[in-house]
Amino acid sequence: MANDGDAGSATSDLPLRGVTSSNSNAEPFDIVATYYRLLAEDSDLTMPMAAIEALIEFLGHNQVKTVFETIDLVKMQSTKLQLGVPNPIALSHGTDLFQQYLIMQLKQPNAPGGAAAAKDDNINKDPDARFEETRQSLLRNGRLFAARAKNGRERIAVNARRYIEDGATILTLGGSRVVGTLLGRAAEKHDFGHFIDEPIRFRVIYAMDPALEVESNKVVAALRAKGVSVATIPLSAVAFAMQKVDMVVVGAEAVTANGGAISRLGTLQVAQLAKAARPQKPFYVAAEQHKFGKTLPLNQFDFGQFVRNFDQQLLDFHASKKEEGAEAKPRPKPLESPVDYTAPDYIDAFFSDHKVLTPIEVAKEVIDMLM
């Protein structure tokens, strides 16, 4: 897992919630139920982080004894989780990141139980005991990474602040917590001791999706409470309003290996409208680094070989029962929170928690993170 300034380095912290060791007679561990419970318990938790936390709880639930057994079990549970949810894309970025981190930690030369552990003072220690030290370290140090992941939104707000000009009109959509934090902090006064950063005066046009009304209303209410003027429009009015827009800022569920973004349905057409506008409007994506992953979409209906069991069921060419005049077969239910893929060609930059990146730089970071 990467530190803020170096995508290729690992932090020593992982998330942890109520992890306790158990024996083989305990109740079977349900990774899918654990994932949904974690999301329900903490509304600020992202899907990749919930997946990582669920895997940490799994490690605490099982008394594994070897490196290879641990890696195999984590891979199996990751696959089970991806197959157990309607949209596995975002959480798969978390499980991949955790597996890479786990392999790196367990094979560190200086880690207890690592490849070169026999060279240190523990040379005579039982290998199982050395491995157990490593496992306990993973569990014990977990809380700090969870806190740092949440603080990523604050760091994104700092990095993005210089891109928001006084008097700008910003278009957004999707109920993104990252974007809500970014815009909220931009409207605040910041005292850095040696200088004071005054609030930025800007307006927001918020494109409302009825499916995301609750999340979007929270962002709108919070911005208005800070004195930001907000106009709400339906998604169908984005083309009409675009001429009044200076920049577009959206969130993302996942950032793809080629520097694209998977976001709530409707994001792609907003990006296309921003690019087609005269003058062209800059389009920014705000996303924490733990959302970066190896998903590589070929198009809107093929999200690549790394994404399993994902069909949004948005297009249904069957007639309804009423239209058919007879009993029809049950039809698949569309995904509750559908997404679309915005290619890197439409994205000017990513506001991430360690720095602002171009799509090309994002692609390089994904390679560095997952090699």
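Residues numbered from 1 in each chain as written. Predicted model: local features only at pLDDT ≥ 70, side-chain atom pairs only at ≥ 80, totals over all residues. Heavy atoms only, no water.

- Taking an unreviewed UniProt entry as the reference, the protein chain is identified by name as Translation initiation factor eIF2B subunit alpha belonging to Pestalotiopsis fici.
- Here the protein chain is described in UniProt, under the heading Sequence similarities (unreviewed entry), as follows: "Belongs to the eIF-2B alpha/beta/delta subunits family."
- Recorded under Subcellular location (unreviewed entry), the UniProt text for the protein chain is reproduced unchanged: "Cytoplasm, Cytosol". (UniProt positions renumbered as here; feature names shortened; annotations may be inferred.)

Details of the side chain of Ser352
Phase 1 of the analysis: With respect to the secondary-structure elements, Ser352 resides in the loop between β11 (349–351) and β12 (356–357).
Phase 2 of the analysis: Within the structure, Ser352 has its side chain in polar contact with the backbone oxygen of Ala287 (distance 3.4 Å).
Phase 3 of the analysis: Contact partners of Ser352, with chain neighbours within four places excluded, come to Ile156, Asn159, Ala287, Glu288, Gln289, Phe292 and Leu357. (Helix = DSSP H or I, 4+ residues; strand = E, 2+ residues; numbered from the N terminus. Polar contact = N/O pair within 3.5 Å; in protein donor to acceptor, adjacent residues only side chain to side chain. Contact = heavy atoms within 4.5 Å.)

Section: the packing of helix α1 (residues 31–41) against helix α2 (residues 47–61)
Two packed helices can be described by the angle between their axes and the distance between those axes.
Phase 1 of the analysis: Put simply, α1 and α2 touch, their axes get as near as 9 Å, and they point 130° apart. By the angle class used here, α1 and α2 are oblique. Judged by the sense of rotation from one axis to the other, the crossing of α1 with α2 is right-handed. In this structure, α1 contributes Ile31, Thr34, Tyr35, Arg37, Leu38 and Leu39 to the contact, and α2 contributes Met47, Ala50, Ala51, Glu53, Ala54, Leu55 and Glu57. (Axes fitted to C-alpha atoms, helices over the stretch in contact; angles between N-to-C directions. Parallel < 35°, antiparallel > 145°, perpendicular 65-115°, else oblique. Left-handed = near helix turned anticlockwise from the far one by under 90°.)

Topic: empty space enclosed by the protein
Phase 1 of the analysis: Under the criterion given, the structure shown has one cavity of 30 Å³ or more.
Phase 2 of the analysis: Each pocket or cavity is described by its volume, and for the largest cavity that value is around 50 Å³.
Phase 3 of the analysis: Forming the boundary of the largest cavity are 10 residues, of which Asp44, Thr46, Met49, Ala149 and Lys150 lie nearest the centre.
Phase 4 of the analysis: Here the lining of the largest cavity gets four residues from one element, more than from any other, and that element is helix α6 (residues 142–160). (1 Å grid on protein atoms, 1.4 Å probe; cavity = no way out; pocket = protein on both sides within 12 Å on 5 of 7 lines; lining within 4 Å. Points joined across faces, edges and corners; volume = space filled by probe spheres on them.)

Some details on the sheet that holds strand β4 (residues 202–208)
Phase 1 of the analysis: Across the sheet, seven strands lie side by side as β5-β4-β1-β6-β9-β11-β12; this open sheet has mixed pairing. Pairing within the sheet leaves two strands with one partner each, and these edge strands are β5 (229–234) and β12.
Phase 2 of the analysis: Contacts from helix α10 (residues 267–276) reach β1 (168–173), β6 (247–251) and β9 (283–286), with the element oriented near 145° to β9. (Pairing = 2+ DSSP bridges.)

A few points about a nonpolar patch on the surface
Phase 1 of the analysis: Together, Leu265, Phe301, Leu314, Leu315 and Phe317 give the surface a local cluster of nonpolar side chains, amounting to about 610 Å² of exposed area.
Phase 2 of the analysis: Topologically, Phe301 is positioned in the loop between β9 and α11 (321–324). (Patch = residues over 30% accessible without salt bridge, like charges linked within 9 Å, V, L, I, M, F, W, Y side chains within 5 Å. Areas by Shrake-Rupley, 256 points an atom, 1.4 Å probe, with all protein chains shown as cover. Salt bridge = Lys/Arg side-chain N within 4 Å of Asp/Glu carboxyl O.)

Topic: α2
Phase 1 of the analysis: Compared with the 21 Å implied by 1.5 Å per residue over 15 residues, the 21 Å span of α2 between its first and last C-alpha is a close match.
Phase 2 of the analysis: Judged by how many residues are buried, α2 sits mostly within the fold: 14 of 15 residues are covered. (Expected span 1.5 Å × (residues − 1). Buried < 20%, exposed > 50% of the residue type's maximum accessible area, 1.4 Å probe, protein only.)

Thoughts on the pattern of salt bridges
Opposite charge on two side chains permits pairing when their charged atoms draw close.
Phase 1 of the analysis: Scanning all chains against the criterion turns up 14 salt bridges.
Phase 2 of the analysis: Here Arg37 makes a salt bridge to Glu57, at a shortest N to O gap of 2.7 Å. With Arg37 in helix α1 and Glu57 in helix α2, the pair connects residues that are 20 residues apart, well separated along the chain.
Phase 3 of the analysis: Judged by its relative accessible area of 33%, Arg37 is partly exposed.
Phase 4 of the analysis: Residue Glu57 is classed as buried on the basis of its relative accessible area of 10%.
Phase 5 of the analysis: Residue Arg185 is joined to Glu188 by a salt bridge in which the shortest nitrogen-to-oxygen separation is 3.3 Å.
Phase 6 of the analysis: Residue classification places Arg185 among the partly exposed positions, given a relative accessible area of 26%.
Phase 7 of the analysis: Linked by salt bridges that have partners in common, Asp44, Arg153, Glu288 and Lys291 make up one network.

Notes on the sheet that holds strand β10 (residues 339–342)
Phase 1 of the analysis: The sheet built from three strands is open, its strands ordered β7-β8-β10 with antiparallel pairing. Looking along the sheet, the strands with just one partner apiece sit at the ends: β7 (254–255) and β10.
Phase 2 of the analysis: When strand β8 (residues 261–264) meets β10, the two strands line up antiparallel, connected through four bridges. Each bridged residue has a counterpart across the sheet, and for Arg264 the counterpart in β10 is Val339.

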